[in-house]
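# Residue-level structure breakdown
Residue strings, one per chain:
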Amino acid sequence: MSRETENALLLLLGLATAIITISGVYTRYVKPSLLPWLAAVAVLLIVLALSAIVRDLRRGRDDKTGSDEHTGHAHRRGIGWLIAVPVLLLAFVVPPALGAQAAAPIAITLSPNELRQPFPSLPAGRAPEVSLKEVMKRVALDSAGTLNSRLITIVGFTLKADSGTDLARITIFCCAADAQLGRLHLRGPAAAAAAELPDNTWIRVEGTIAPPGDAASPVIPTMTVSTLTPVDAPANTYAY
Amino acid sequence: MQVLVPGVVVAAVSAGALRAFVAGHADLSTAGTVFCGVFVQALPFLGLGVVVSGLIAVFVSPERLARWLPQRTGAAILTAAVSGAALPGCECGSVPVARRLFGDGVAGAAALTFMLAAPAVNPVVLVATAVAFPGQPAMVAARGIASLLTALIMGAVWSRWGQLDWITRRLPAAHNTDASKWTVFAEAARHDFLQAASYLVLGAAAAAAMHVLVPPVVFTHLAGHLVLGVVTMALLAVVLALCSEADAFVASSLTMLPLVPRLVFLVVGPAVDVKLFALQTGMFGRAFATRFAPATFVVATLVATAVGLVLVGGGR
């Protein structure tokens, strides 16, 4: 492929990166904390492409002798066209955020007592909002029993399971490739209302986490739900 | 250009249809999202890598590097491993940097050791591992030691058996001696980015395809037995192509496995995976990558198993 095409592809990739960064679409693929880095790399690519284009134009005007120095093997091969793939995906196709079926479901292992540590108590208030990930962490590791018979609020989406309806949330650590699906079984008075909702309905539930006992195998915690309200899907569906 | 311009127009016109088609196929949208995840995540690190490699092109001539490095091979690769550990980076960025540092003799072995050590033995990765495995400091120590040993052994192996004619990808020569520093920097960074990014696309596509075709659950069912567990986790590390800051969290969630196979997963992943294999092919050449990557895979698997058996034993 020609040097001009390479420069154009480089410029397009920089622009595509800038578009997903500015529009916020990048949170479908990576963590929000990558924002400054993505902005920086978009600027870098655009500057590299523009400066190469300007240099070539100047050189083209001055003399034609310099052109053979850039016909190295790297520029005769077609592999450079592959850069068009992410441009096409990021700027035009824009794949959606991962759905529940795409993330690896996880159960949690209850740590033995000697590895448990006391967690700070939950925020004050009648039913403080706690993330699903935090709940799973506390079930697995907390020695202070901060969740015991405490009313909490959790936001997540519904997911049909074999034994009823679950509250689920997708967590990513770095990018969409390492997504994991955290789940809680919903039981109690308001669980029947959850069962009537279709999958992927975002809800806010209030209830208490049932003590998991001391199972040796990984478990999925159970929540006894007292109230349930459907909510709008958040702009950014992942948790971190 | 005659292809690119109409191509962009067609893509823009058919964007809606493409989007609907992808949204209608769950596997396709998952693969697309995972591809974008791997690619977008790697992009800033690759950018950082090519900035460093551009600076190397300007300021570090092969002669200067040879002067800085200790003359003896052992001392040189040890220096490289330690400087790799001090630089928090990502595996995608360290490949182009290593290619720029690569030179004859001692410098070659040192560059490869740096390439393997930088993503795996840095403070960020070790802290992430400590967070993912609370109460198990042996896991952090085992990861650091096994990754460092892998990098050192591969550097020594290269200086003993490596051959320069496997490196078929040549960097464009600095022909224009009166070019400004900015031109040298920009040309080097541009060249390295184009080269690496094309292959990163291949690697990310392979990771996305594996993600859809082989769900990790399949591997975990195979992995009750130690040897079988080690082999499957090593292969899983290669096909999943996770970044080294995230893999500890994935490994910690695979609770049905003993610690040793999970350690193997953490040591093999940053050293060799489909994305790195593609990047090495792009930056060094196919003859190099088809020898270096499998050798790294074997060394990393064996070292991690041995270190794991000593340090974390039969823990779960």
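All of the points below concern the structure found in this document. (Residues numbered from 1 in each chain as written. Chains lettered and ligands numbered in written order. Predicted model: local features only at pLDDT ≥ 70, side-chain atom pairs only at ≥ 80, totals over all residues. Heavy atoms only, no water.)

### Overview of the overall build of chain B
- Looking only at helices and strands, chain B has 16 helices and zero strands in total.
- Rg of the C-alpha trace for chain B: 20 Å, near the compact-globule value of 20 Å for 316 residues, within the 12% margin.
- Referenced to the eigenvectors of the C-alpha coordinate spread, the extents of chain B come out at roughly 60 × 60 × 30 Å.
- A total of 316 residues make up chain B; the buried ones form 57% of that total.
- Within the structure as shown, chain B displays about 12,200 Å² of accessible surface, and the carbon and sulfur contribution to it stands at 72%.
- Here chain B holds 17 positive side-chain charges and 11 negative ones, and the gap between their average locations is 4 Å. (Helix = DSSP H or I, 4+ residues; strand = E, 2+ residues; numbered from the N terminus. Rg over C-alpha atoms; globule rule 2.2 N^0.38 Å. Buried < 20%, exposed > 50% of the residue type's maximum accessible area, 1.4 Å probe, protein only. Areas by Shrake-Rupley, 256 points an atom, 1.4 Å probe, with all protein chains shown as cover. Lys, Arg positive; Asp, Glu negative; His and termini not counted. Charge placed at Lys NZ, Arg CZ, Asp CG, Glu CD.)

### Quick look at the interface of chain A and chain B
- Listed per partner, the contact involves 63 residues of chain A and 57 residues of chain B.
- Where chain A abuts chain B, roughly 5,200 Å² becomes buried across the two surfaces, and 76% of that area is made up of carbon and sulfur atoms.
- The tally of links between chain A and chain B comes to three salt bridges.
- Residue Arg190 of chain B is joined to Glu6 of chain A by a salt bridge in which the shortest nitrogen-to-oxygen separation is 3.0 Å.
- There are seven residue pairs in polar contact (both at pLDDT 80 or more) connecting chain A and chain B.
- Sorting the residues of the side of chain A that touches chain B by element identifies helix 1 (3-23), helix 2 (35-62) and helix 3 (84-93) of chain A as the ones contributing at least two each.
- Residue contributions to the side of chain A that touches chain B peak at 12 residues, all from helix 1 of chain A.
- Along the lines of polarity and charge, the residues of the side of chain A that touches chain B split into 44 nonpolar, 11 polar and eight charged. (Contact = heavy atoms within 4.5 Å. Buried area = accessible area lost by both parts, 1.4 Å probe. Salt bridge = Lys/Arg side-chain N within 4 Å of Asp/Glu carboxyl O. Polar contact = N/O pair within 3.5 Å; in protein donor to acceptor, adjacent residues only side chain to side chain. Nonpolar A, V, L, I, M, F, W, Y, C, P; charged D, E, K, R; others polar.)

### Considerations on unusual backbone geometry
Residues and elements named next belong to chain A.
- Backbone geometry at Val94 places phi at a positive 50°, although glycine is not the residue there.
- Note on placement: Val94 falls in the loop between helix 3 and strand 1 (104-105).
- When its relative accessible area of 14% is taken as the criterion, Val94 is described as buried.

### Some remarks on a nonpolar patch on the surface
Residues and elements named next belong to chain B.
- Judged by side-chain polarity, Ile145, Leu149, Ile153, Val310 and Leu311 come together as a nonpolar surface patch covering roughly 410 Å² of accessible area.
- Those elements giving two or more residues to the nonpolar patch turn out to be helix 9 (137-161) and helix 16 (286-311).
- Here the nonpolar patch gets three residues from one element, more than from any other, and that element is helix 9.
- Its place among the elements puts Ile145 in helix 9. (Patch = residues over 30% accessible without salt bridge, like charges linked within 9 Å, V, L, I, M, F, W, Y side chains within 5 Å.)

### Structural notes on the environment of Trp68 of chain B
Residue and element names in this part refer to chain B.
- With respect to the secondary-structure elements, Trp68 resides in helix 4 (residues 62-68).
- Classification of Trp68 by relative accessible area gives exposed; the value is 57%.
- Counting along the chain gives 132 residues from Trp68 to Leu200, while the straight-line C-alpha distance between them is 31 Å.

### What about empty space enclosed by the protein?
Residue and element names in this part refer to chain B.
- The tally for this structure, following the rule as stated, stands at five cavities of 30 Å³ or more.
- Within this model, the second largest cavity holds a volume of roughly 60 Å³.
- Looking at the second largest cavity, it is lined by 10 residues, and the ones nearest its centre are Val38, Gln41, Ala241, Cys243 and Lys275.
- A total of three residues in the lining of the second largest cavity trace back to one element, the largest contributor, which is helix 3 (residues 26-59). (1 Å grid on protein atoms, 1.4 Å probe; cavity = no way out; pocket = protein on both sides within 12 Å on 5 of 7 lines; lining within 4 Å. Points joined across faces, edges and corners; volume = space filled by probe spheres on them.)

### Focus: the nonpolar core
- Core analysis: the largest hydrophobic core is formed by 128 residues, its most contacted members being Phe193, Phe265 and Phe284 of chain B.
- Ignoring sequence-local partners within four residues, the contact set of Phe265 of chain B consists of Met233, Leu236, Ala237, Leu240, Leu242, Asp247, Val250 and Ala251 of chain B.
- If you look at the next biggest cluster of nonpolar residues, it comprises 28 residues, including Leu147, Ala194, Val205 and Met223 of chain A. (Core = buried A, V, L, I, M, F, W, Y, C linked by side-chain atoms within 4.5 Å.)

### Some words on the pattern of salt bridges
- Taken as a whole and assessed by the stated rule, the structure comprises 12 salt bridges over all chains.
- With its nearest N and O atoms 3.5 Å apart, the salt bridge here joins Asp166 of chain A to Arg183 of chain A. Residue Asp166 of chain A is found in strand 3 (residues 164-171), and its partner Arg183 of chain A is found in strand 4 (residues 180-187); the two are separated by 17 residues along the sequence. No difference in accessibility class separates Asp166 of chain A from Arg183 of chain A, as the two residues are buried.
- For Asp192 of chain B, the salt bridge goes to Arg100 of chain B, with nearest N and O atoms at 2.8 Å. One end of the pair, Asp192 of chain B, is in helix 10 (residues 181-213); the other, Arg100 of chain B, is in helix 6 (residues 91-101), and 92 residues separate them in sequence.
- What makes Arg100 of chain B buried here is its relative accessible area of 16%.
- Sharing partners across several salt bridges, the network here consists of Arg3, Arg55, Asp56 and Arg59 of chain A together with Glu187 of chain B.

### Overview of the packing of aromatic side chains
Residue and element names in this part refer to chain B.
- Considering all chains together, one arrives at nine aromatic pairs over all chains under this definition.
- Ring plane angle 10° and centroid distance 6.0 Å describe the contact between Phe35 and Phe39, whose orientation is recorded as stacked. In this pair, Phe35 and Phe39 both sit in helix 3, four residues apart, roughly one turn of the helix.
- Here the aromatic rings of Phe288 and Phe292 are separated by 4.9 Å at their centres, their planes lie at 15°, and the arrangement is stacked. Within this pair, Phe288 and its partner Phe292 are both found in helix 16, separated by four residues, close to a single helical turn.
- Residue classification places Phe292 among the buried residues on the basis of a relative accessible area of 5%. (Phe/Tyr/Trp six-rings, centres within 6.5 Å; stacked < 30°, edge-to-face > 60°.)

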